[in-house]
Amino acid sequence: MNIGIDIGGTFIKGVLINQDKVIKKTTRDTMDGSDRWQDSVALVYEELSQELTGKLDGVGLSAPGLADADNQKIICMPGRLQGLEQFDWSDLLGRPVAVLNDAHAALVAESNWGVAEAVKNVVMLTLGTGVGGGLLINGQLHQGFLQRAGHLGHICVDAAAGDRDITGVSGSLEDAIGEATLNKRSLGKFSCTSDLVEAYRAGDTWATYVWLTAIRKLALGVVSLCNTMSPDLVVLAGGIAGAREYLLGPLSTFMELYEWRVNGHSTPIKLAQFKEFAGATGAALFAQSNL
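Residues numbered from 1 in each chain as written. Predicted model: local features only at pLDDT ≥ 70, side-chain atom pairs only at ≥ 80, totals over all residues. Heavy atoms only, no water.

## A closer look at the sheet that holds strand 4 (residues 58-63)
Line of reasoning, step 1. Read across the sheet, five strands follow the order 3-2-1-4-7 without closing on themselves; strand pairing throughout is mixed. Strand pairing shows two members of the sheet lacking a second neighbour, strand 3 (22-29) and strand 7 (97-101), which therefore form its edges. Across the sheet, the mean angle separating the axes of adjacent strands is 15° when strand polarity is ignored.
Line of reasoning, step 2. Packing against the sheet, helix 1 (residues 37-49) makes contact with strand 1 (2-7), strand 2 (11-17), strand 3 and strand 4, and its axis sits at approximately 155° to strand 3.
Line of reasoning, step 3. Against the sheet, helix 3 (residues 102-113) engages strand 1, strand 2, strand 3, strand 4 and strand 7, with an angle of about 100° to strand 7. (Pairing = 2+ DSSP bridges. Helix = DSSP H or I, 4+ residues; strand = E, 2+ residues; numbered from the N terminus. Axes fitted to C-alpha atoms, helices over the stretch in contact; angles between N-to-C directions. Contact = heavy atoms within 4.5 Å.)

## Details of the pattern of salt bridges
Line of reasoning, step 1. Evaluation of the coordinates by the stated rule reveals eight salt bridges.
Line of reasoning, step 2. In this structure, Arg36 engages Asp39 in a salt bridge whose closest nitrogen and oxygen atoms are separated by 3.1 Å.
Line of reasoning, step 3. Among the residues examined, Arg36 registers a relative accessible area of 35% and is labelled partly exposed. (Salt bridge = Lys/Arg side-chain N within 4 Å of Asp/Glu carboxyl O. Buried < 20%, exposed > 50% of the residue type's maximum accessible area, 1.4 Å probe, protein only.)

## Points about the sheet that holds strand 10 (residues 140-141)
Line of reasoning, step 1. With mixed pairing, the five strands of this open sheet are ordered in space as 10-9-8-11-12. Single-partner strands in this sheet number two, and they are strand 10 and strand 12 (269-271).
Line of reasoning, step 2. Relative to strand 10, strand 9 (residues 131-137) runs antiparallel, the two sharing two bridges. Within the sheet, the bridge partner assigned to Ile137 lies in strand 10 and is Gln140.
Line of reasoning, step 3. Contacts from helix 7 (residues 205-229) reach strand 8 (122-127), strand 9, strand 11 (233-237) and strand 12, with the element oriented near 155° to strand 8.

## Concerning the nonpolar core
Line of reasoning, step 1. Counting residues in each nonpolar core, the largest one holds 37 residues, and the members touching the most others are Leu125, Leu127, Ile177, Trp211, Leu218 and Leu247.
Line of reasoning, step 2. For this core, the element with the most residues is helix 7, which contributes eleven residues.
Line of reasoning, step 3. The contact partners of Leu218, leaving out residues within four places of it in the chain, are Leu125, Leu127, Leu173, Ile177, Leu247 and Leu251.
Line of reasoning, step 4. By size, the runner-up hydrophobic cluster in this structure holds 28 residues, among which are Ala98, Leu100, Met124 and Leu136. (Core = buried A, V, L, I, M, F, W, Y, C linked by side-chain atoms within 4.5 Å.)

## Some details on the side chain of Ser186
Line of reasoning, step 1. Mapped onto the elements of the fold, Ser186 is located in the loop between helix 5 (182-185) and helix 6 (193-201).
Line of reasoning, step 2. The contacts of Ser186, once residues within four sequence positions are left out, are Trp206 and Val210.

## Overview of the packing of helix 3 against helix 9 (residues 278-290)
Line of reasoning, step 1. Between helix 3 and helix 9, the shortest axis-to-axis distance is 7 Å and the interhelical angle comes to 75°. With respect to each other, helix 3 and helix 9 are oriented roughly perpendicular. Note on element contacts: helix 9 touches helix 3 through Ala278, Gly279, Thr281, Gly282, Ala283, Leu285 and Phe286, opposite Asp102, Ala105, Ala106, Val108, Ala109, Asn112 and Trp113.
Line of reasoning, step 2. Here the contact of helix 3 with helix 9 is built from residues that sort into nine nonpolar, four polar and one charged. (Parallel < 35°, antiparallel > 145°, perpendicular 65-115°, else oblique. Nonpolar A, V, L, I, M, F, W, Y, C, P; charged D, E, K, R; others polar.)

## Looking at the environment of Asp20
Line of reasoning, step 1. As for its placement among the helices and strands, Asp20 is situated in the loop between strand 2 and strand 3.
Line of reasoning, step 2. With a relative accessible area of 57%, Asp20 lands in the exposed category.
Line of reasoning, step 3. When the C-alpha positions of Asp20 and Lys217 are compared, they lie 38 Å apart, and in sequence the two are 197 residues distant.

In short, the description is geometric, and any link to function would need to be established separately.
What follows is the structure in structure tokens.
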């Protein structure tokens with residue numbers, strides 16, 4: 001049995017898994033009445049430990065930021081969750097902990113038990129406040145130099161854009177579709193993607209322009225990744241993927257325009273199966289394989 005814990009700015013989520021399914025889920029506020037959010041992680045761990053019916057094989061933890069080369073701690077996450085960088089989770093929980101980026105963890109969940117199960121080469125995009133992602137190559141999570149592989153939101157889809165994103169990239173995919181820039185992109189009319197999509201569904205002209213502009217740039221990003229990685233599957237996750245057919249429909253139209261379809265073959269695109277517990281489940285599965 002393995003425990004997985006996912007650290008977010010608002011909630012800490014945890015799961016207990018056995019070899020083939022999630023047995024227990026739990027959620028706590030990140031602060032949970034404590035002065036230290038790390039203590040909330042310990043409480044999630046203790047709660048799940050009480051549900052054990054056998055030996056605890058490993059603990060995995062997913063968090064925003066870059067993990068170190070040994071996947072033992074987060075070594076780079078400026079500006080969020082003060083105290084996360086260099087924090088030793090093994091000391092807190094009293095046992096080895098496998099640590100990885102939260103988007104990487106979501107990909108591990110999908111590639112083991114989700115829509116990418118048994119698929120060898122996968123590109124995953126997490127579409128939310130920002131845009132993250134992950135790469136599966138020959139069945140293995142690719143973390144790369146400095147463990148930063150899969151930060152797919154920071155590819156360029158508009159070189160002429162004046163603004164630079166948090167990594168310094170001009171016209172990034174994250175800025176093109178991430179919810180953090182929606183208010184600016186819509187000239188103050190929309191701040192929430194669900195409101196934008198609802199207006200698009202109702203035929204609002206400005207909403208249609210803003211939404212389809214973002215989807216066009218998403219398509220350009222996806223085809224660029226397909227040309228680079230040649231994946232067997234592209235998986236879309238995150239809150240924006242909740243638009244479902246209102247995302248996949250126009251995306252399919254733009255993919256028909258831009259995708260290089262060798263001998264008529266198109267790259268499948270699927271919505272992720274796991275949602276809010278993707279990071280925790282992936283962290284548990286990562287621990288299962290690495291501890």
